[in-house]
Amino acid sequence: IGEYSFDVDSKESGIIKRFNNKAIVKLARIAGAPTSKGAGLFLYVHREDNIKKGDKIFTLYSESSKRLEYAIKVLNEKDDVEIE
């Protein structure tokens, strides 16, 4: 696991309806995957799971602080998880 990480928490309670898989893959690649073996994502929830506000959805890992910062910037530009 990469030295640098960032947790993505739920902004609301509800049921996970959809993940934007293309956006999640893009985040992992920005973080350095698959070239950097410590880069990637760990998902804590799956589609149709109940989630509470503040629960972890996923953690983004990177071996580079600059790559992680850029991935966080991209993450903040759009919503990759749909909760109802």
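Residues numbered from 1 in each chain as written. Predicted model: local features only at pLDDT ≥ 70, side-chain atom pairs only at ≥ 80, totals over all residues. Heavy atoms only, no water.

**Topic: the pairing of strand S2 (residues 14-19)**
The following threshold applies: At least two DSSP bridges between two strands are required for those strands to pair. Counting from the N terminus, the helices are DSSP H or I runs at least four residues long and the strands are E runs at least two residues long.
Pairing of S2 with strand S4 (residues 50-51) involves two bridges; the strand directions are antiparallel. Counted as the bridge partner of Ile15 is Asn50 from S4. Of the strand pairs in this sheet, S2 and strand S6 (residues 81-83) are connected by three bridges, and their pairing is antiparallel. When the bridges of S6 are listed, Ile16 appears paired with Ile83.

**What to know about the nonpolar core**
Applied cut-off: As used in this record, nonpolar core signifies buried Ala, Val, Leu, Ile, Met, Phe, Trp, Tyr and Cys residues forming a set joined through side-chain atoms within 4.5 Å. Each residue's exposure class comes from its accessible area (1.4 Å probe, protein chains only) as a fraction of the maximum for that residue type: buried when under 20%, exposed when over 50%, partly exposed otherwise. Throughout, a residue-residue contact means that at least one pair of heavy atoms, one from each residue, lies within 4.5 Å.
Of all hydrophobic cores here, the largest spans 22 residues; its most connected members are Ile16, Phe19, Leu27 and Ile57. Sequence-distant contacts of Ile57, defined by excluding residues within four places in its chain, comprise Val8, Asp9, Ser10, Phe19, Phe42, Leu43, Tyr44, Val45, Ile51, Val81 and Ile83.

**What to know about the sheet that holds S4**
Spatial ordering of the open sheet is given by S4-S2-S6, a layout of three strands whose pairing is antiparallel. Taken across any chain shown, the strands that pair with only one partner, and hence form the sheet edges, are S4 and S6.

**Here we look at the layout of surface pockets**
Put simply, the test is: Cavity means a closed set of points on a 1 Å grid over the protein atoms alone, one where a 1.4 Å probe fits but cannot get out, pocket means an open set with protein on both sides within 12 Å along at least 5 of 7 lines, and lining means a residue has an atom within 4 Å of a point. Grid points are joined across faces, edges and corners, and a volume is the space filled by probe spheres set on the points. Polar here means any residue other than Ala, Val, Leu, Ile, Met, Phe, Trp, Tyr, Cys and Pro, which are nonpolar, and Asp, Glu, Lys and Arg, which are charged; Gly is therefore polar.
The computed volume of the largest pocket comes to approximately 320 Å³. What lines the largest pocket is a set of 17 residues, and nearest its centre among them are Val8, Asp9, Lys11, Asp79 and Asp80. Residue assignment for the lining of the largest pocket shows that the elements contributing at least two residues are strand S1 (4-9), strand S5 (56-62), helix H2 (65-77) and S6. The element that contributes the greatest number of residues to the lining of the largest pocket is S1, accounting for four residues. Its residues assigned to classes, the lining of the largest pocket shows seven nonpolar, two polar and eight charged.

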